[in-house]
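# Chains, contacts and geometry: an overview
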Amino acid sequence: MKVLIVGSGGREHAIATAVAKSPKAEKIYCAPGNAGIAELAECVAIGAMEFDKLVNFAKKESIDLTIIGMDDPLVGGVVDAFEAEGLRVFGPRKNAAILEGSKAFSKDLMKKYQIPTAGYENFDSAEEALAYLETASFPIVLKADGLALGKGVLICNTKEEAKAGVKSIMLDKQFGTAGNRMVIEEFMTGREVSVLSFCDGKTIKTMTSAQDHKRALDGDQGLNTGGMGTFSPSPFYTKEVEEFCEKHVYQKTVDAMAAEGRPFVGIIFFGLMLTEKGPRVLEYNARFGDPEAQVVLPRMKNDIIEVMEACIDGKLDSIDLQFEDNAAVCVVLASEGYPVKYEKGLEIRGLENFKDKEGYYVFHAGTTFQEGKIVTNGGRVLGVTAKGKDLKEARANAYQAAQWVDFDNKYCRSDIGKAIDEA
Ligand code: AMP
Ligand code: GLY
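A brief look at the structure comes next. (Residues numbered from 1 in each chain as written. Chains lettered and ligands numbered in written order. Predicted model: local features only at pLDDT ≥ 70, side-chain atom pairs only at ≥ 80, totals over all residues. Heavy atoms only, no water.)

This next bit is on the overall build of the chain. Secondary structure assignment for the chain yields 12 helices and 22 strands. Since a compact globule built from 423 residues should have a radius of gyration of about 22 Å, the 21 Å found for the chain is in line with a globular shape. Overall size of the chain, expressed as C-alpha extent along the three principal axes, is 60 × 45 × 45 Å. Long-range pairs, those at least 24 residues apart, make up 68% of the contacts in the chain between residues at least 6 apart in sequence. The chain carries 51 positive and 63 negative side-chain charges, and their two centres are separated by 1 Å. (Helix = DSSP H or I, 4+ residues; strand = E, 2+ residues; numbered from the N terminus. Rg over C-alpha atoms; globule rule 2.2 N^0.38 Å. Contact = heavy atoms within 4.5 Å. Lys, Arg positive; Asp, Glu negative; His and termini not counted. Charge placed at Lys NZ, Arg CZ, Asp CG, Glu CD.)

Given below as structure tokens:
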């Protein structure tokens, strides 16, 4: 089979690595890809939002399966564009990707189908939102409705902060058109867990759990980022939590989308918060998490192409999804200054140290070629993943492997997976 992967980050590198393991994959392309993906796939210079070019490429090269890694093209309808030309593609259509594309939609869906989440109100105007804040209790959470690179959520401790937040989202359009609507919701506390799942429109099969570290600095300080590291499984995702979510969250979400005439085929990522009152859905994403994919996929035993094809064909019930009985930790190596301002074009040394090291991976997030060398090309540069028999061993292995590579201004958190000590 010829497979095309759309995207250019660490998640897509992890997907490409899983696809490359499949005996079905004869040739892999990636648009646009990066310097790491280029070892497994032929990278083509087409952007993830260039739907016509992607579709034409897939037709010209007779691609058998296209996998969309990123949220923007999914929410923009890339799957519909492929399907309109009779091409096989893995991911939700536009009318289902709205589960991630509009927070107001997802909150209304959860309310209508009684899926546990934080209490909330949706707002179309700043005036109404500001009036609502007059009688609200604090802290409170403001969310821009649309996609905002994971940065559209503001946690506000006081009325003044919240008012300023509403103004910056809805009037100053800090997150662009994503702020045409907004959600204001109840602040919750608890541990967060990410659960990714495969869906075929009717059936859902969840993968092993993971936890991300969204803040830039140790001790969950600093700004929110795309994710500074992950571990899998989460020791806080107990049998009890899983059973609760199986009953109240997972199948209910898939059934709700089907009932709304928006059957979901692809990956649903459940962002959960384990509150004192029980698990609550924080958010849905319509794709693999980044860097969750970098710890979940290396532990998956199944052939990823088989699972994705079963989703497309509505036959997911025939798949026995299995994960290794071990653990994995991913430490993101970023450029100092991320997520605000950082240098690019710095040479990366030591990548060859990962060659033939079973259980170790260096997933490229922001890299490119420059004069025959591999250089940094983004804030998150690499994701170093290591497996271990348990989380502690995986963490020690990942931090050791993080030393094998180097570039100027290299920065990583030193406490990825520290929470497991409290489990
Ligand atoms: P989201 O993009 O909705 O996952 O929000 C990003 C992050 O903001 C989450 O991972 C949480 O850490 C935090 N967050 C979102 N909603 C809430 C909430 N209702 N209460 C507390 N924290 C929240
Ligand atoms: N790691 C969180 C996300 O992919 O949205």
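What follows picks up the thread again.
On to the layout of surface pockets. Counted as a void, the second largest pocket has a volume near 680 Å³. Forming the walls of the second largest pocket are 25 residues, and the residues nearest its centre are Thr 17, Glu 39, Phe 354, Tyr 360 and Tyr 361. Put simply, the parts of the chain that give the lining of the second largest pocket at least two residues each are α1 (10-21) and β18 (360-364). Take the lining of the second largest pocket: its biggest share by element is 6 residues, from α1. (1 Å grid on protein atoms, 1.4 Å probe; cavity = no way out; pocket = protein on both sides within 12 Å on 5 of 7 lines; lining within 4 Å. Points joined across faces, edges and corners; volume = space filled by probe spheres on them.)

In this structure, Phe 82, Tyr 250 and Phe 270 are the most contacted members of the largest nonpolar core, which totals 49 residues. It is helix α9 (residues 239-259) that contributes the most residues to this core, 7 residues altogether. When near neighbours in sequence (up to four residues on either side) are disregarded, Phe 270 contacts Val 193, Ser 194, Val 195, Ser 197, Ile 204, Val 249, Tyr 250, Thr 253, Glu 283 and Tyr 284. (Core = buried A, V, L, I, M, F, W, Y, C linked by side-chain atoms within 4.5 Å. Buried < 20%, exposed > 50% of the residue type's maximum accessible area, 1.4 Å probe, protein only.)

One way to put it is that helix α7 (residues 126-133) packs onto helix α8 (residues 159-171) with a least axis distance of 10 Å and a crossing angle of 170 degrees. Accordingly, the angle class assigned to the pair α7 and α8 is roughly antiparallel. Residue-level inspection shows Ala 126, Ala 129, Leu 130 and Leu 133 of α7 in contact with α8, the latter providing Lys 159, Ala 162, Lys 163, Val 166, Lys 167, Met 170 and Leu 171. For the contact of α7 with α8, the per-class residue count stands at 8 nonpolar, no polar and 3 charged. (Axes fitted to C-alpha atoms, helices over the stretch in contact; angles between N-to-C directions. Parallel < 35°, antiparallel > 145°, perpendicular 65-115°, else oblique. Nonpolar A, V, L, I, M, F, W, Y, C, P; charged D, E, K, R; others polar.)

Helix-helix packing is characterised by the crossing angle of the two axes and by the distance between the axes. One way to put it is that helix α5 (residues 94-101) packs onto helix α6 (residues 103-112) with a least axis distance of 6 Å and a crossing angle of 95 degrees. As summarised for this structure, α5 and α6 are arranged roughly perpendicular, according to the angle between their axes. Residues Ile 98, Leu 99 and Gly 101 of α5 form the contact with α6, whose own contacting residues are Lys 103, Phe 105, Ser 106 and Leu 109. For the contact of α5 with α6, the per-class residue count stands at 4 nonpolar, 2 polar and 1 charged.

Bringing the site of ligand 2 into the picture now. Lining the immediate surroundings of ligand 2 are Asp 212, Gly 226, Phe 269, Asn 285, Arg 287, Gly 289, Asp 290, Pro 291 and Glu 292. At 2.8 Å, a side-chain N or O of Asp 212 approaches a nitrogen atom of ligand 2. In the model, a nitrogen atom of ligand 2 is placed 3.5 Å from a nitrogen or oxygen of the Gly 226 main chain. Protein contacts shield 89% of the accessible area of ligand 2, which totals 200 Å² for the unbound molecule. Grouping the amino acids of the shell around ligand 2 by side-chain chemistry returns 2 nonpolar, 3 polar and 4 charged. (Near = heavy atom within 4 Å. Polar contact = N/O pair within 3.5 Å; in protein donor to acceptor, adjacent residues only side chain to side chain. Areas by Shrake-Rupley, 256 points an atom, 1.4 Å probe, with all protein chains shown as cover.)

Moving on, we come to the sheet that holds strand β9 (residues 182-186). Strands sit in the order β6-β9-β7-β8 across an open sheet of 4 strands; the sheet is antiparallel. Of all the strands in the sheet, the pair left with one neighbour each is β6 (120-123) and β8 (153-156). Going from strand to strand, the sheet's axes swing by 20 degrees on average, the running direction of each strand aside. Here 5 bridges tie strand β7 (residues 140-144) to β9, and the two strands are oriented antiparallel to one another. Note that in β9 the partner of Ile 140 across the bridge is Glu 186. In the packing of α6 onto the sheet, contacts are made with β6, β7, β8 and β9, and the angle to β6 comes to roughly 140 degrees. (Pairing = 2+ DSSP bridges.)

Below, the discussion takes up the site of ligand 1. Taken together, 13 residues surround ligand 1, and among them Glu 185, Glu 186, Met 188, Glu 192 and Glu 283 come closest. In the environment of ligand 1, an oxygen atom lies 2.9 Å from a nitrogen or oxygen atom belonging to the side chain of Glu 283. Starting from 470 Å² of accessible surface for ligand 1 in isolation, the protein chains cover 92%. Within the residue set of the shell around ligand 1, elements represented by two or more residues are β7, β8, β9 and β16 (278-285).

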